[in-house]
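Structure at a glance
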Amino acid sequence: MGEWSGFFPSSGGDRKYKTAHIAAITDALFHSGVCQNDDLTLAPAGAMTAALGAGRALVNGYHYQNDSPLTLTFGYADGTLARIDAVMLRRDVNSRDIHAVVVPGTPAINPTAPACTRDADAYDLCLYHVRIPAGATAITASMITDRRADADLCGYVYCKFAGIGTSVMQAAVDEMISAVSSELNQLNAGTAVMTKAQYDPNGSGVDVTAQIYKCTKSGKVYALTGHGGFGRFKVPAAWASGDTWTVNGKSVPAYCGADVVDGDTIVAGRWVLFSYDGTQLNFSGGGGLSLGKLAQATAKPGQVLAGVPYYAGNKTLKKGTMPDRGQNQYGGSVEAGTDYIAICDLPEGYYHADNARNAPEARAKMTAFGTAGKAELMAGYTMTSKEGLRIGGTLILSGDADTSDVISGKSFYTTDPKTKKRGTLALSGSATAADVLAGKTFYNTDAKSKQGGQMADNGDWSATLTPGGSANVPAGKHSGNGSVTAKSIKTTEVWKQCNPGQNSFPFDGGTLVGVQYAGSPYTGDNILQGAGISGNSYWAQCASSASVRFILAYY
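As the structure is a prediction and not an experimental result, all values here were calculated from the model. (Residues numbered from 1 in each chain as written. Predicted model: local features only at pLDDT ≥ 70, side-chain atom pairs only at ≥ 80, totals over all residues. Heavy atoms only, no water.)

Details of the overall build of the protein
Worth spelling out the cut-off: Numbering goes from the N terminus for both helices and strands, where a helix is a DSSP run of H or I of at least four residues and a strand is a run of E of at least two. Remark: exposure states derive from per-residue accessible area (1.4 Å probe, protein chains only) relative to the maximum for the residue type, with buried under 20%, exposed over 50%, and partly exposed in between. The contact criterion used is simple: two residues touch if any of their non-hydrogen atoms lie within 4.5 Å. Surface accessibility follows the Shrake-Rupley procedure with a 1.4 Å probe radius. Residue values consider only the protein chains on display as shielding.
Along the backbone of the protein there are four helices and 38 strands. Looking at the protein residue by residue over its 555 residues, the buried ones come to 28%. Across the protein, contacts joining residues at least 24 apart in sequence account for 46% of those joining residues at least 6 apart. Total accessible area on the protein is roughly 33600 Å²; 52% of this is exposed by carbon and sulfur atoms.

A short note on the nonpolar core
Note the threshold: Nonpolar cores are built from buried Ala, Val, Leu, Ile, Met, Phe, Trp, Tyr and Cys residues. Side-chain atoms within 4.5 Å join them into one set.
In terms of nonpolar packing, the biggest core is built from 28 residues, with Leu42, Leu52, Leu89 and Val130 touching the most fellow members. Those elements giving two or more residues to this core turn out to be strand S3 (49-52), strand S4 (55-59), strand S7 (83-92), strand S8 (97-103) and strand S9 (122-132). Among the elements that take part in this core, S9 stands out by supplying five residues, more than any other. Ranked by size, the runner-up nonpolar core spans 18 residues in total, among them Tyr213, Ile266, Val272 and Leu281.

Comments concerning the state of the cysteines
This is how the line gets drawn: Put simply, a disulfide is two cysteine sulfurs that come within 2.5 Å.
Summed over the entire model, instances satisfying the criterion amount to one disulfide. Across a sulfur-sulfur distance of 1.6 Å, cysteine 498 and cysteine 542 are joined as a disulfide pair. On the sign convention where negative is left-handed, the bridge of cysteine 498 and cysteine 542, at about 115° about the S-S bond, is right-handed. In this pair, cysteine 498 is assigned in strand S33 (residues 490-498) and cysteine 542 in strand S37 (residues 537-542), connecting sequence segments 44 residues apart.

Quick word on unusual backbone geometry
In terms of backbone geometry, most residues other than glycine have negative phi values and most peptide bonds are trans. The backbone phi angle of asparagine 60 is positive, close to 55°, even though this residue is not glycine. Note that asparagine 60 resides in the loop between S4 and strand S5 (62-66). For arginine 96, which is not glycine, the phi torsion reads 55° and is therefore positive. Along the polypeptide, arginine 96 turns up in the loop between S7 and S8.

Notes on the packing of aromatic side chains
Keep this limit in mind: Any Phe, Tyr or Trp ring, taking Trp's six-membered ring, that has another such ring centre within 6.5 Å forms a pair; planes under 30 degrees apart are called stacked, those over 60 apart edge-to-face, and the others tilted. When the NZ atom of lysine or the CZ atom of arginine is within 6 Å of a ring's centre and also within 35 degrees of its normal, the charge is said to sit over that ring.
Taken as a whole, this structure holds 11 aromatic pairs when the rule is applied. Relative to phenylalanine 274, the ring of phenylalanine 233 lies with its centre 5.8 Å away and its plane at 55°, an arrangement referred to as tilted. Here the residue phenylalanine 233 occupies a position in strand S14 (residues 230-234), and phenylalanine 274 occupies one in strand S19 (residues 271-276), the gap between them amounting to 41 residues. Each member of the pair, phenylalanine 233 as well as phenylalanine 274, is classed as buried. Through a chain of ring-to-ring contacts, three or more aromatic side chains come together here, namely Tyr213, Tyr222, Phe233, Trp245, Phe274 and Phe283. A cation sits over an aromatic face here: arginine 232 above tryptophan 271, 4.9 Å from the ring centre.

Some details on the side chain of asparagine 66
Applied cut-off: Definition of a polar contact: a pair of N or O atoms within 3.5 Å, with one able to donate and the other able to accept a hydrogen when the atoms are protein atoms, and with sequence-neighbouring residues admitted only if both atoms are side-chain atoms.
For asparagine 66, the position within the fold is in strand S5. Looking at asparagine 66, the relative accessible area reads 10%, which means it is buried. Engagement of the side chain of asparagine 66 in a polar contact is seen with the backbone oxygen of glycine 53, the distance being 3.1 Å. Residues in contact with asparagine 66, not counting those within four places in the same chain, are Leu40, Leu52, Gly53, Ala54 and Gly55.

Observations regarding the pairing of strand S38 (residues 546-554)
Defined as follows: When DSSP locates at least two bridges between a pair of strands, those strands are taken to pair.
Taking burial as the measure, the nine residues of S38 include seven buried ones, the bulk of the element. As judged from the five bridges shared by strand S35 (residues 512-517) and S38, these two strands associate in the antiparallel manner. Along S38, the bridge assignment pairs tyrosine 517 with phenylalanine 550.

Describing the sheet that holds strand S17 (residues 254-256)
Here we have six strands laid out as an open sheet, ordered S11-S14-S19-S20-S17-S18, and mixed in their pairing. Either end of the sheet is taken by a strand with one partner, and the two such strands are strand S11 (211-212) and strand S18 (259-260).

As for the pattern of salt bridges
Side chains that differ in sign of charge can pair as their charged atoms come close. Condition: Salt bridges are identified by distance alone: a Lys or Arg side-chain nitrogen within 4 Å of an Asp or Glu carboxyl oxygen.
Tallied over the full model, the rule gives six salt bridges. In this structure, arginine 90 and aspartate 124 form a salt bridge, with 2.7 Å as the shortest nitrogen-oxygen distance. Here arginine 90, found in strand S7, pairs with aspartate 124, found in strand S9; they are 34 residues apart in sequence, far enough to count as distant. For aspartate 146, the salt bridge is made with arginine 148, and the minimal N-O distance between the two is 2.8 Å. The exposure class assigned to aspartate 146 is partly exposed, which follows from its relative accessible area of 36%. Among the charged side chains, a network of salt bridges with common partners joins Lys217, Lys220 and Asp243.

Re the sheet that holds strand S16 (residues 250-252)
For the record, the criterion: Think of each axis as a best-fit line through the C-alpha atoms, taken over the contacting stretch in the case of a helix, with angles from 0 to 180 degrees between the N-to-C directions.
Pairing is mixed in the open sheet, where four strands are placed in the order S12-S13-S15-S16. Strands with a single pairing partner mark the edges of an open sheet, and in this sheet they are strand S12 (214-218) and S16. Here the average twist between neighbouring strands, direction ignored, is 30°. Sheet topology note: the S12/strand S13 (residues 221-225) ladder contains five bridges and is antiparallel. If you follow lysine 217 over to S13, its bridge partner there is tyrosine 222.

Quick notes on the environment of isoleucine 551
Relative to the helices and strands, isoleucine 551 is located in strand S38. A relative accessible area of 31% places isoleucine 551 in the partly exposed class. Separated by 58 residues in sequence, isoleucine 551 and glutamate 493 place their C-alpha atoms 4.5 Å apart. Beyond its immediate sequence surroundings of up to four residues, isoleucine 551 is in contact with Thr491, Thr492, Glu493, Gly514, Val515 and Gln516.

Concerning the side chain of asparagine 444
For asparagine 444, the location among the structural elements is in the loop between strand S29 (441-442) and strand S30 (451-452). Of the polar contacts made by the side chain of asparagine 444, one reaches the backbone oxygen of alanine 431; its length is 3.4 Å. In contact with asparagine 444, other than residues within four places in its own chain, are Leu427, Ser428, Gly429, Ser430, Ala431 and Gln451.

Thoughts on the environment of proline 301
Along the chain, the position of proline 301 falls in the loop between helix H4 (291-294) and strand S21 (309-310). Residue proline 301 is classed as partly exposed on the basis of its relative accessible area, which comes to 33%. Once the C-alpha coordinates of proline 301 and lysine 318 are considered, the two residues, 17 residues apart in sequence, prove to be 7.4 Å apart. When sequence neighbours within four positions are dropped, the list of residues in contact with proline 301 reads Tyr310, Lys319, Gly320, Thr321 and Met322.

Right, dumping it as C-alpha cells:
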C-alpha cells in the first residue's frame, strides 16, 4: 500500500482511518499479553466453575478489559480418564470482540492441553491450563496451572523495542527516581558512602552496578522485573520446595553457588544480590554449610569416633566420644582347633580389622552349648556343636491338621515352625446324662470333660393288655423287639329260664365283660325288663316266667 501515516485531521473527508490502523500501530509497539502480572487471575468458584478476575490484555493490538469476576464453566469430568482444558482469551474476527473461553481437552491416559487457535479468524492467548481428573466434581486450586508468564502461550505486555513491558518500565523509573532522591539526600547530608566516580569510574553503568528489581510471588513463581546484569531485590515471601523463577516473564533456573537456590538464600524480608546473564540467575552466597543443611545432620557424640571433630544440628564444633575398640574385644584371632568361637554381643564402640588380615570379632570361651542333634534341629537351620562344628538340622514337620480340626482357641503348627495356626473347631453338643445309655460316655461342649450316661436299658420290654386296660412304658432304651398286645373278645349264646323278678346266672367260661339279651317272643309284652353283669355273673329282670336268649362277651 506504499507509504502510510496518521493520524491527521480530515479535510473534506480526505483522511479516513479504520480501527485496524489503531490496532496495527499498537501491535507494532507492544507484544500481545496480559497487562500486569496480577491481571486476570483465575480462582475456583464452586462445583465445575472458576472465576476470572479483573484485568486487561492486548491481543494483536486490540484492547481487552474485564472489570469484575467472570464465571467460567468447565464440562463434566470423564469417568475413567483425565483431561486438560485451556482458558483462552480469544480475539474473534467474525464477532469483532475479545472474550474468555474454556477450550476442553481430550480425555486420555496422558492428556495434553489444547493448542491455541491462531489463524485468519481467531487469535488465542492461553491464560491457564486446568487439569480435570477422572470423576472430579469441583475445580480446585491444585488443578490450575498459570500460563500467563509463558511468552509462547501468553506473556505480558511490554514494548517490543525496549524488551520490557511499559508497566515494568514505569516501576523501574519510579524506583530509580526514589533511589536517586535518596542518594542525593545522603550526599547533601554528608552520609553517602560513595559517589558514581567511586563505584563506577569507567562508566559501565548497569553492567557493574546492582540494579533494583521488582519481585512478586504468585503461587509457586517468583517473578522478577527490571534490567541489568547485576541486581538486588527484597524477598516478598518465604521460599518453598518446587518454587520457580521468571525474569521479565521468561522462566529461568536459579542457583546459589553450586546448588539450586533454596530457603537458606531466599528468606522473606531479606535483600538479596544476584547476577543475570539472560539464561540463569546466580545468587550471591553459598560455599558453606547453612543452618538448614546442618539441621539435616543428626549425629550425636557417641556416634562419632572419640576425639574426631564434627558439625551437626548447628554451627557449634563438637567432638565424638565413641571409643575405638581396635580389632576385637580380647585380642588375638580365631585359629582352627582353639576353644574359642565368635559371638555377636559387642560393647558399644568402633571396631576394625587388623591390617585387613582378620575381621573384627568378640570371642568367648566355649563352656556350655546345646546338646541337640541334627534330627532335633529344624531342616534349613544350622547350629554349632560342642566340638565347634556347624551342623544342619534334618527335622521336618509334617502335620496335616487344618484349623477346622483343632479346638477353637488352641494353636498348633503343621509344616512351618514359624507359622502358628489357631483352631476353629467348636464343640456344640447338647446331650445330658439322661440322654445317654448308662455305662456309655460322651462329650458335649467341653473337649476335656467326659460325662457318663444314666439312661436305663429296658431291652425287649413287653406287655399284654386286658380289654380296656393300659400299661405304663418305662423310661429308657428299648431294643425294638418287645410288643404290647390285647386279649381277644369272645362271644357265646345261651338260653336261660327267667322267673318273675331278678334272676342271676353265673359264668365260668372266662372273664365276663358284657351281656345282651336277644330278641324273644316276650320282649314285645314287656316280660323281659332288663339285663346286666355283676362280677363274673349276669342277671335278668323278668315280669313273668319266660325262656330268654342271652349273648355273652368274655375273654
